[in-house]
Amino acid sequence: MKRNLINFLALLLAGHAYAAGPASAPGAAAPEAAAQNISPWDGLPQHNVKTGDIAVYTPVTGITTAQDTYDIFAPFDGRIEELQVEVFSFVTPKTVLTRMVSTEMAALLDSSSEESRKQTERRWQDVYSYTQITPETQGVITNIYIEPRTRIYKGDRLFTVAKKVVVIGKNTEPLYSKLGPGMTASVEHARSPDAKFETRLVNFLHIKGSNLTYRLWLEVLDLKNGIKIGEQFNGALFVGKSGNAMLLPRKHMIESGGRRFLVTEIQTGLETADEIEILGHSLLYLEPVRPAAEVKDGKAKKAR
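What counts and how
Residues numbered from 1 in each chain as written. Predicted model: local features only at pLDDT ≥ 70, side-chain atom pairs only at ≥ 80, totals over all residues. Heavy atoms only, no water. Pairing = 2+ DSSP bridges. Helix = DSSP H or I, 4+ residues; strand = E, 2+ residues; numbered from the N terminus. Axes fitted to C-alpha atoms, helices over the stretch in contact; angles between N-to-C directions. 1 Å grid on protein atoms, 1.4 Å probe; cavity = no way out; pocket = protein on both sides within 12 Å on 5 of 7 lines; lining within 4 Å. Points joined across faces, edges and corners; volume = space filled by probe spheres on them. Nonpolar A, V, L, I, M, F, W, Y, C, P; charged D, E, K, R; others polar.

(A) Region of interest: the sheet that holds strand 5 (residues 98-102). Strand order in the open sheet formed by four strands is 6-5-3-8, and the pairing between neighbours is antiparallel. Every other strand in the sheet has two partners, leaving strand 6 (131-133) and strand 8 (151-152) as the edge strands with one partner each. Relative to strand 5, strand 3 (residues 78-83) runs antiparallel, the two sharing five bridges. Paired with Gly 78 across the strands is Ser 102, a residue of strand 5.

(B) Just the sheet that holds strand 16 (residues 264-271), in detail. Ordered in space as 1-17-16, the three strands form an open sheet in which the pairing is antiparallel. In this open sheet, the two strands that pair with only one neighbour each are strand 1 (46-48) and strand 16. Within this sheet the neighbouring strands show an average axis-to-axis angle of 55 degrees, counted without direction. Direction of pairing for strand 16 relative to strand 17 (residues 276-286): antiparallel, over a ladder of five bridges. Bridge assignment links Thr 268 to a residue of strand 17, and that residue is Ile 278.

(C) Quick peek at the pairing of strand 2 (residues 50-73). Where strand 2 and strand 13 (residues 232-247) come together, 13 bridges link them in antiparallel fashion. The residue of strand 13 that forms the bridge with Thr 58 is Leu 237. One ladder, built from 13 bridges, connects strand 2 with strand 9 (residues 157-171); its direction is antiparallel. Across the sheet, Gly 62 pairs through a bridge with Gly 169, a residue of strand 9.

(D) The layout of surface pockets, seen in detail. Volume-wise, the second largest pocket comes out at about 550 Å³. For the lining of the second largest pocket, the elements supplying multiple residues, two or more each, are strand 2, strand 13 and strand 15 (259-261). The element that contributes the greatest number of residues to the lining of the second largest pocket is strand 13, accounting for six residues. Split by residue class, the lining of the second largest pocket holds 11 nonpolar, three polar and three charged.

What follows is the structure, given as structure tokens:
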């Protein structure tokens, strides 16, 4: 009887042990709790926004074109005696383009020998004199339609003058900054670097298919001899500069929905389970992790 009672108690204890399952090892729940406290942001590189100077220039190239042109016509029937300019000459209202005489004066001069021609000119200068043709405004001669010692009639076109010269071109490297009218560019002739001119941006448009390349209209400010129409000019457009500016690498910025963000350190105040008071932020920030596809595409672009 005693032996049966002992066996019954042993079976009862064994049943309780089976129902409770195997005993857990001490401290097994600790790693699981620690894993819950690990932030997905841990381990990201940290950087400080730096302070420095930044200047933006973009290389440009283009072809000179004549703008605001006007023609100069013969004031009467006569003959061109002298031509004193050539194509692409820079002229002002004081520049004599050509000297012409009336038909009657031309006949008198033709009837005189070479030796007596000067005497004939002096004798008849009060009646028949040379007429000097000058431009209305400063500009560049773009066309000449006459030659010396040729007959002309009233209303014949003599010259075409361009009041303005505009370089129509584009930037040759990606431009990330915004453009604005009035920006200046120094340009020089592609084959004659000594021919340098100052220009001003008067208009610009995005080139189709690229948000970083623009069609540019650059008006030449200092018209002078050496400018040529239809020639290539290269230079650099000054976009802007800033001193003592806050700077960071472009790849550290996050763009979303047309806006730009930076993950910076913040100073906090009061807190609840749902909200945190922000007291301020510092210049310390986290470098974002780029999606694998974006990193791969960036490397491919760099390789190109």
